[in-house]
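Remarks on the overall topology
One letter stands for each residue in the lines below.
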Amino acid sequence: MYRWVEHTAELGLEIEAATEAEVFEEALAALRELTGDEPHCAWSIHRVQVSAPDRPALLAGWIEELVFIAERHDAIPERVEDLDLSEGALFATVAARAGRVRHLVKAVTYHELTFERSGDGWRAYAVLDV
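In what follows, the accompanying structure is described. (Residues numbered from 1 in each chain as written. Predicted model: local features only at pLDDT ≥ 70, side-chain atom pairs only at ≥ 80, totals over all residues. Heavy atoms only, no water.)

Observations regarding the overall build of the protein
Threshold: Comment: elements are numbered from the N terminus, with helices defined as DSSP H or I runs of at least four residues and strands as E runs of at least two. Atoms considered for the radius of gyration are the C-alpha atoms alone. The globule rule reads 2.2 Å times the number of residues to the power 0.38. All accessible areas in this document rest on Shrake-Rupley with a 1.4 Å probe, and a residue is counted as covered only by the protein chains that are shown. Under the counting rule used here, the positive set is Lys and Arg, the negative set is Asp and Glu, and His together with the chain ends is not counted. A single reference atom marks each charge: NZ on Lys, CZ on Arg, CG on Asp, CD on Glu.
In terms of helices and strands, the protein carries 2 helices and 7 strands. Scanning the protein from its N terminus toward the C terminus, one meets helices and strands in the order β-β-α-β-α-β-β-β-β. At 14 Å, the protein has a C-alpha radius of gyration in line with the 14 Å of a compact globule built from 130 residues. When its C-alpha atoms are laid out on the principal axes, the protein stretches across 40 × 35 × 25 Å. A total of about 6,800 Å² of accessible surface is found on the protein, and carbon and sulfur atoms cover 47% of it. Distance between charge centroids for the protein: 5 Å, based on 12 positive and 25 negative side chains.

Quick look at helix α2 (residues 55-73)
The cut-off we apply is this: For a helix, the expected span equals 1.5 Å multiplied by the number of residues minus one.
If you check α2, its first and last C-alpha atoms are 26 Å apart, about what 19 residues at 1.5 Å a residue would give, namely 27 Å. The first or second residue beyond α2 is Asp74, which carries a positive phi of 45°.

Structural notes on the packing of aromatic side chains
Our working definition: Stacked, tilted and edge-to-face are the three classes applied to pairs of Phe, Tyr and Trp rings, where Trp contributes its six-membered ring and a pair requires centres within 6.5 Å; stacked means planes under 30 degrees apart, edge-to-face means over 60, and tilted covers the rest. Only protein chains enter the accessibility calculation, which uses a 1.4 Å probe; a residue is then buried when its area is under 20% of its type maximum, exposed when over 50%, and partly exposed in between.
All chains considered together, the criterion is met by 3 aromatic pairs. Centroid distance Phe24 to Trp62: 6.3 Å. Interplanar angle 80°. Geometry classified as edge-to-face. Note that Phe24 is positioned in helix α1 (residues 20-35) and Trp62 in helix α2, a separation of 38 residues in sequence. When sorted by exposure, Phe24 lands in the same class as Trp62, which is buried. Here Phe115 and Trp122 contribute two aromatic rings whose centre-to-centre distance is 5.8 Å and whose plane-to-plane angle is 50°, an arrangement assigned as tilted. Of the two residues, Phe115 and Trp122, neither departs from the other in class, the shared state being buried.

Considering α1
Counted at 1.5 Å a residue, the expected span for α1 with its 16 residues is 22 Å, and the 23 Å between its end C-alpha atoms agrees. Here α1 has its buried residues at Val23, Phe24, Ala27, Leu28, Ala29, Ala30, Leu31, Leu34 and Thr35.

Some details on the nonpolar core
Inclusion rule: Take the buried Ala, Val, Leu, Ile, Met, Phe, Trp, Tyr and Cys residues and link them wherever side-chain atoms come within 4.5 Å; each set so joined is a nonpolar core. Any two residues whose heavy atoms approach within 4.5 Å at even a single point are treated as in contact.
Counting residues in each nonpolar core, the largest one holds 37 residues, and the members touching the most others are Val23, Val48, Leu59, Trp62, Ile63 and Leu90. Among the secondary structure elements, those contributing two or more residues to this core are β2 (10-17), α1, β3 (39-51), α2, β4 (75-86), β5 (89-99), β6 (107-118) and β7 (121-129). In terms of residues, this core owes the most to one element, α2, which gives 9 residues. The residues contacting Ile63, other than those within four sequence positions of it, are Leu13, Ala27, Leu31, Val108, Ala126 and Leu128.

What about the pattern of salt bridges?
Our working definition: Salt-bridge detection follows one rule: a side-chain nitrogen of Lys or Arg within 4 Å of a carboxyl oxygen of Asp or Glu.
By the definition in use, this model includes 5 salt bridges. In this structure, Glu20 and Arg55 form a salt bridge, with 2.9 Å as the shortest nitrogen-oxygen distance. A residue pair is termed long-range when its members are at least 10 positions apart, and Glu20 in helix α1 and Arg55 in helix α2 qualify at 35 residues. The class of Glu20 is partly exposed, set by a relative accessible area of 22%. By relative accessible area, which is 17% here, Arg55 ends up buried. Between Glu81 and Arg79 there is a salt bridge; the shortest N-O distance is 3.0 Å. Judged by relative accessible area, Glu81 falls into the partly exposed class, the value being 43%. Judged by relative accessible area, Arg79 falls into the partly exposed class, the value being 38%.

Written out as structure tokens, the structure reads:
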């Protein structure tokens, strides 16, 4: 589950999920909602590789890569087809559909960036400069 949180001149993304991998999948779902507008049927596949010293930075890198796919290829990330998490790295295959992309995200900030265990699951928070 994800939800958008109002933040001064920015947009906060709060994610709760059962597993670490689901946190990344929910981030993709949130970005799909934020950037997508009338997707078409043409599909494209994108390989994503992110390296970072910790899970919060890995999440920030993941979101930045999804924004890059949207803006560079005019493709709305629709789903994660394969996701491999290891210590300090993420490898994924993302399926995207061509469409009119809303170019809203300037950057992912590291202000208040979190990714932590919460009860029986995981919780993450990222602030997007929009």
